[in-house]
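# Structural features, examined
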Amino acid sequence: LKMSRFWLYLLLHLLGVACLCRSIKAPTTSSQQSFKTNLFNFYHSLLLADGKETTVHLLKDIPKRYYFVLEEGRALAPFTITVTPCDVPIEWSILVHKASASFLGKAARGDHDTQELSKSQKAPNMVSTIFNFKGNSVETYMGVSPHSALYILEFLSTERDTHIAVYLTTDTTSGHLFPELPSDPRLDVIGIGHTTVTLTWKHSPSVLQHRENIQYCLLVNEKHNYKSLCAAETAIRSSRMKHSPTLALSLSPYLLEPQQVMILSKSELSIISKASSGEVRQTCMGTKNTYTVSNLSPSTQYYFDVFVVNLLTNASAAYTGTFARTLEEPEPKVMELKDGKVIQVVLDGRNQKLYSLQYQARHKKIQFAFQLCWGQVQVLITKNGKTVASENISGLKYFLLKGKFLDTYLVQLRSTEESNSSVKVQVLTPFHKPSFPLLPDSLKIKSFSKLRTCNSVTIAWLGTQEESKYCVYKKKIEEDQVWTELQNADRCSGPESRHKSEKVLCKYFYDVNLQRAVTTETINGLDLGTLYLFDVYIFGPSGIPVRYHSKVVKTRKKC
């Protein structure tokens, strides 16, 4: 700006005094301190940059002011202000201070007296509010100033700390920072499936004029529509920070592939294609104005927002969002169970869907066997429509049921966790040997602290009255791996998933006296002061293994 800093401070001073004079006639001795404090606030208003977007951080209930001055000598000077709330609704207003050139000249020379200054402050046309708004939508004010004037923008958040984006321009001839929206900015849903929704929208005039610098970005979530890309970024960042404070997410329009979101963790940049439950998913598809969103959940309501983004300035404009509900998933097919055959089922924990298995009895006595692989699973068994068993299973569980020939059994399985679960199922008749091994009362592995040395560890576990094969495996781990190894263990995976170097030994044993069905092993050749994960596998008659609960032991540092 061509006006000197002195003139800017003078105009700010006049605006502050004029505002104060609405409630007081003249500053008395008792009110001078308050008067000076208000002037100080105006003096320290920030200059709003022209031609660029400014991020403004607001503290709850504390107003923040920015100012700009339209140059003298520009007749009917146009200007545009766009404010984009990035979270909660805010209040903002535009105030204008008008002063004649003759008065400003006197003020600059110091020729004015207190009476003249007081009269100018009381002039009803000196300070006026020309615009105010409250809400969380993107709002643009377009104005024309017939003469030189100072403008004050005041912002206030009454809900919580937040931030906004403010764009001021006094040059309306050099194009638009924000892409233009079509006359009808609505999204149209043209197709709905069980896991897909197809959308279309009218092209932005900016795409038709500057195709190489403009692209569309689509946001999908299950909560609500977003009125700006800035608001969506804030919501995602807040959600991510709850899970990992080191993560910061950017909905950058410069993504090279569809269905990708960039995540910056410290100095490492990684790309994911799908956010976790409840978060926003983004797709940038270039200049295509029709898109099919896939990998959705059946019978779920989704909200869709499309933004046209200027790749050069990163500014965006929002189409009017829409929502749609995917179709209900058809009734799942009931899988038939066959005598003696073992099947493994993976259950969807997020949607809590039931998995159904059916069996028609050919004998009066039957036995169902369930081996939990990971997660938590609830089992419900009905016979001819009546419930005969219901239980949350852990480890290996048998249900011995009596009925009639050709009774129909329906087994329904459900994950009781939000994550996926898995279970193995087998139905047995008196003519089939169980595939799973006979298990002891406890699958815990015990270690003996007194027998622990710098290079050896002694462990023990329970056996059964049946001769079975037991295999022992070891694995070096770090301190930060203990929880993951213990929690994410697949109890159905056998030694075939282990590296050959991890095998310690295999042996057979049993004892008809359960009180003595205990075995011990001393594992030598270990490194001192090192954590080891020990596993024991027991094998059934058909070779299906069951893993004991893993045991973590650390060798001694000094011996």
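What this report covers is the structure whose coordinates are included nearby. Remember, predicted model here, so these are calculated numbers, not experimental data.

Rules and cut-offs
- Residues numbered from 1 in each chain as written.
- Predicted model: local features only at pLDDT ≥ 70, side-chain atom pairs only at ≥ 80, totals over all residues.
- Heavy atoms only, no water.
- Helix = DSSP H or I, 4+ residues; strand = E, 2+ residues; numbered from the N terminus.
- Contact = heavy atoms within 4.5 Å.
- Areas by Shrake-Rupley, 256 points an atom, 1.4 Å probe, with all protein chains shown as cover.
- Disulfide = S-S within 2.5 Å.
- Buried < 20%, exposed > 50% of the residue type's maximum accessible area, 1.4 Å probe, protein only.
- Pairing = 2+ DSSP bridges.
- Axes fitted to C-alpha atoms, helices over the stretch in contact; angles between N-to-C directions.
- Patch = residues over 30% accessible without salt bridge, like charges linked within 9 Å, V, L, I, M, F, W, Y side chains within 5 Å.
- Salt bridge = Lys/Arg side-chain N within 4 Å of Asp/Glu carboxyl O.
- Polar contact = N/O pair within 3.5 Å; in protein donor to acceptor, adjacent residues only side chain to side chain.

This part takes up the overall build of the protein. A tally of regular secondary structure across the protein gives seven helices and 37 strands. By sequence separation, contacts in the protein at least 24 residues apart represent 76% of the contacts at least 6 residues apart. Total accessible area on the protein stands at roughly 29,700 Å², and carbon and sulfur atoms take up 51% of it.

This paragraph deals with the state of the cysteines. For the structure shown, the criterion picks out five disulfides. With a sulfur-sulfur separation of 1.5 Å, Cys86 is cross-linked through a disulfide to Cys230. Measuring the twist about the S-S bond at about 100°, one finds the Cys86-Cys230 disulfide to be right-handed. Taken together, the residues Cys86 in the loop between β4 (77-85) and β5 (90-98) and Cys230 in helix α6 (residues 229-243) connect sequence positions 144 residues apart. The class of Cys86 is buried, set by a relative accessible area of 1%. The exposure class assigned to Cys230 is buried, which follows from its relative accessible area of 16%. Put simply, Cys373 and Cys492 are joined by a disulfide, and their sulfur atoms are 1.9 Å apart. Residues Cys373 and Cys492 are joined through a disulfide that is left-handed, its torsion about the S-S bond being -85°. Of the two residues, Cys373 is situated in strand β24 (residues 365-374) and Cys492 in the loop between α7 (482-487) and β33 (503-509); the sequence distance between them amounts to 119 residues. Judged by relative accessible area, which is 7%, Cys492 ranks as buried. Disulfide connectivity for the protein, with bonded cysteines indexed by sequence position, reads 1-3, 2-4, 5-8, 6-10, 7-9.

Turning our attention to the sheet that holds strand β17 (residues 290-293). As summarised here, the arrangement of the three strands in space is β10-β11-β17, forming an open sheet in which the pairing is antiparallel. Each having just a single partner strand, β10 (187-192) and β17 make up the two edges of the open sheet. Pairs of neighbouring strands in the sheet enclose a mean axial angle of 25°, with direction left out of account. Alignment of β10 against strand β11 (residues 197-201), held across five bridges, turns out to be antiparallel. From the neighbouring strand, Leu187 faces β11, where its bridge partner is Trp201.

Note that Gln376 resides in the loop between β24 and β25 (377-383). Here the alpha-carbon distance between Gln376 and Ser394, two residues 18 residues apart in the chain, equals 7.2 Å. If near-sequence neighbours (up to four positions away) are discounted, Gln376 is found in contact with Ile393, Arg414, Ser415, Thr416, Glu417 and Ser421.

What follows is about a nonpolar patch on the surface. Among the surface-exposed residues, Val189, Ile192 and Leu327 lie close enough to one another that they form a single nonpolar patch of about 210 Å² accessible area. With respect to the secondary-structure elements, Val189 resides in strand β10.

This next bit is on the pattern of salt bridges. Taken as a whole and judged by the stated rule, the model has 14 salt bridges. We note a salt bridge from Arg186 to Asp184, for which the minimum N-O separation is 2.9 Å. Note that Asp527 and Lys476 form a salt bridge whose closest N and O atoms lie 2.3 Å from each other. Taken as a pair, Asp527 in the loop between β34 (518-523) and β35 (531-539) and Lys476 in strand β32 (residues 468-476) lie far apart in primary sequence, 51 residues in all. The class of Asp527 is partly exposed, set by a relative accessible area of 34%.

Relative to the helices and strands, Asn524 is located in the loop between β34 and β35. Asn524 gets classed as exposed once you look at its relative accessible area, which sits at 53%. Through-space distance from the C-alpha of Asn524 to that of Thr453 is 9.3 Å; in sequence the pair is 71 residues apart. When near neighbours in sequence (up to four residues on either side) are disregarded, Asn524 contacts Asn455 and Ser456.

Right, let's get into the sheet that holds strand β2 (residues 52-58). The antiparallel open sheet is built from four strands, whose spatial order is β2-β9-β4-β7. The sheet is open, and its two edges are formed by β2 and β7 (139-145), each paired on a single side. This sheet shows a mean twist of 20° between the axes of neighbouring strands, independent of strand direction.

Here we come to the side chain of Arg498. In this structure, Arg498 sits in the loop between α7 and β33. Looking at Arg498, its side chain comes within polar contact range of the side chain of Tyr537, at 3.1 Å.

In this section: the pairing of strand β26 (residues 386-393). Bridge analysis of β25 against β26 gives seven bridges, and the strand direction is antiparallel. From the neighbouring strand, Val379 faces β26, where its bridge partner is Glu391. Linkage of β25 to β26, two consecutive antiparallel strands, is achieved through a turn of two residues, within which Asn384 is found at a positive phi near 55°.

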